[in-house]
Amino acid sequence: NVSILLEMNKNLQLPDTIREELAQAAVLYKMLEAKEVIDSKLTGANRALLAIIEPFTGELWTKGRKQYEVTRKGELVWENWKARWWDFLANFDVYAGVDLQEGRFADDNVDWEETDEDGNHIWEDLRVAVCLRKMQIANKRSQKTALNPFTITFFCLLSEGRLEQSREWQFDIAFDSIFWSDIENIVNSSCWPEELGYDDVPWEKVIDDIIALGMEIAKDRWEEEDDDDDYVAPSEACTSETEVRERYEPEMRQYGYSPGFFYYAPYWTISDTAIAVGAIGLCWAIF
């Protein structure tokens, strides 16, 4: 876990360790979900992946005669990333558009260009703010978590199909690319929780109220979703510890993973609102 200092100078830099993890996730995503072939000689655009592929050959993937193949451990690591992606969709995406004046949450049919009577844009993206607040609460509880605003922003871009918009996605995740710069810029240009206080109302109360209301909105929306809706398509993560043990018991023993590594469940089932506001999915836990 990399400690991220939450300072109001809004100049957070993407740590190399987190970028390395996200680059691995991107490669696993491309190989397992997009069925991309990475040839064993790393020719063409694949040559940009050398610094990502080489250190984890034999661990996350193996080098075959013609192409790289994901190992069982690599598949399990991706299952954990999918659980985190699903957690992002269920518990963070609802804050993509919040009307701070009226307390509204944007839906699928929203006009993102909507303005108020003074011509100011109404919708504020609070996904980073919610992430930072959950990190703050976790830190106070001495709770170790891999949750961070850079990974949340990575999932934003992944959900928007950013890596599908380039024919040479390999260069997007290699080197000091625009992709990583964009993630840094989004984090630092987004609204942070400390900016939400007003008059005599402290920012902690504002962001916590927003999180609590957003959880209720998210719960209602997910209950209305059809099982085959594309909204939940990115992940097939387990939703109970029993399901995890039935599917992964041998690997859990072999690699020492906790069931929480694969487990996903919404926070909405938590009855104590104070706990729910700071809730972080087990898939983000560092064991």
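As the structure is a prediction and not an experimental result, all values here were calculated from the model.

Side note on the overall build of the protein chain
Part 1 of the reasoning: The secondary structure content of the protein chain amounts to 10 helices and five strands.
Part 2 of the reasoning: Rg of the C-alpha trace for the protein chain: 20 Å, near the compact-globule value of 19 Å for 287 residues, within the 12% margin.
Part 3 of the reasoning: Dimensions of the protein chain, computed from the C-alpha atoms along their principal axes, are close to 65 × 40 × 40 Å.
Part 4 of the reasoning: Here the protein chain, with 287 residues, has 48% of them falling under the buried criterion.
Part 5 of the reasoning: The long-range share in the protein chain, meaning contacts at least 24 apart out of those at least 6 apart in sequence, stands at 70%.
Part 6 of the reasoning: When the accessible surface of the protein chain is split by element, carbon and sulfur atoms take 45% of a total near 15000 Å².
Part 7 of the reasoning: Separation between the mean location of the 28 positive side-chain charges and that of the 57 negative ones in the protein chain comes to 10 Å.

A closer look at unusual backbone geometry
Part 1 of the reasoning: One non-glycine residue, K35, lies in the positive phi region at around 55°.
Part 2 of the reasoning: Looking at where K35 falls in the secondary structure, it is placed in the loop between α1 (16-32) and α2 (50-53).
Part 3 of the reasoning: Notably, D199 is not glycine yet its phi reads approximately 50°, a positive angle.

Topic: helix α7 (residues 178-189)
Part 1 of the reasoning: For α7, spanning 12 residues, the distance from its first C-alpha to its last is 16 Å, which sits close to the expected 16 Å at 1.5 Å a residue.
Part 2 of the reasoning: Those residues of α7 that sit buried are F179, W180, I183, V187 and N188.
Part 3 of the reasoning: The elements touched by buried residues of α7 are α1, α4 (127-140), α5 (149-159) and α6 (169-173).

Examining the environment of Q170
Part 1 of the reasoning: In this structure, Q170 sits in helix α6.
Part 2 of the reasoning: Take Q170: its relative accessible area is 7%, and that puts it in the buried class.
Part 3 of the reasoning: Sequence-distant contacts of Q170, that is, excluding residues within four places in its chain, are made with A45, N46, A48 and L49.

Things to note about the packing of α1 against helix α3 (residues 72-91)
Part 1 of the reasoning: Contact pair α1 / α3: the axes reach a minimum separation of 10 Å and the direction vectors enclose 100°. What the angle tells us is that α1 and α3 run roughly perpendicular. Residues E21, L22, A25, L28, Y29 and L32 of α1 form the contact with α3, whose participating residues are G74, E75, V77, W78, W81 and W85.
Part 2 of the reasoning: Each residue belonging to the contact of α1 with α3 can be placed in one class, and the counts come to nine nonpolar, one polar and two charged.

Notes on α1
Part 1 of the reasoning: Under the 1.5 Å per step criterion, the end-to-end length of α1 is 24 Å for 17 residues, consistent within 8% with the ideal 24 Å.
Part 2 of the reasoning: Every buried residue belonging to α1 is among I18, L22, A23, Q24, A25, A26, V27, L28, Y29, K30 and M31, and all of these are buried.

Focus on the confidence of the model for the protein chain
Part 1 of the reasoning: Here the protein chain shows a mean pLDDT of 90. Residues at 70 or above account for 93%.
Part 2 of the reasoning: Low pLDDT (under 50) marks residues 1-7, which in the prediction has 16 contacts with non-local residues, meaning those over four places away or in another chain.

Things to note about the sheet that holds strand β5 (residues 123-124)
Part 1 of the reasoning: Spatially, the three strands line up as an open sheet ordered β4-β3-β5, and their pairing is antiparallel. The open sheet terminates on both sides in strands that have one partner only, identified here as β4 (104-105) and β5.
Part 2 of the reasoning: Relative to β5, strand β3 (residues 98-99) runs antiparallel, the two sharing two bridges. Residue pairing across strands places D99 opposite W123, the latter belonging to β5.

With respect to the side chain of N46
Part 1 of the reasoning: By secondary structure assignment, the location of N46 is in the loop between α1 and α2.
Part 2 of the reasoning: At 2.8 Å, the side chain of N46 forms a polar contact with the side chain of Q170.
Part 3 of the reasoning: Look past the residues within four positions of N46 in its chain and what remains in contact with it is V37, I38, D39 and Q170.

Some words on the environment of D220
Part 1 of the reasoning: Within the element layout of this structure, D220 appears in helix α8 (residues 203-224).
Part 2 of the reasoning: You can call D220 partly exposed: its relative accessible area is 39%.

Calculation notes
Residues numbered from 1 in each chain as written. Predicted model: local features only at pLDDT ≥ 70, side-chain atom pairs only at ≥ 80, totals over all residues. Heavy atoms only, no water. Helix = DSSP H or I, 4+ residues; strand = E, 2+ residues; numbered from the N terminus. Rg over C-alpha atoms; globule rule 2.2 N^0.38 Å. Buried < 20%, exposed > 50% of the residue type's maximum accessible area, 1.4 Å probe, protein only. Contact = heavy atoms within 4.5 Å. Areas by Shrake-Rupley, 256 points an atom, 1.4 Å probe, with all protein chains shown as cover. Lys, Arg positive; Asp, Glu negative; His and termini not counted. Charge placed at Lys NZ, Arg CZ, Asp CG, Glu CD. Expected span 1.5 Å × (residues − 1). Axes fitted to C-alpha atoms, helices over the stretch in contact; angles between N-to-C directions. Parallel < 35°, antiparallel > 145°, perpendicular 65-115°, else oblique. Nonpolar A, V, L, I, M, F, W, Y, C, P; charged D, E, K, R; others polar. pLDDT = per-residue confidence, 0-100. Pairing = 2+ DSSP bridges. Polar contact = N/O pair within 3.5 Å; in protein donor to acceptor, adjacent residues only side chain to side chain.

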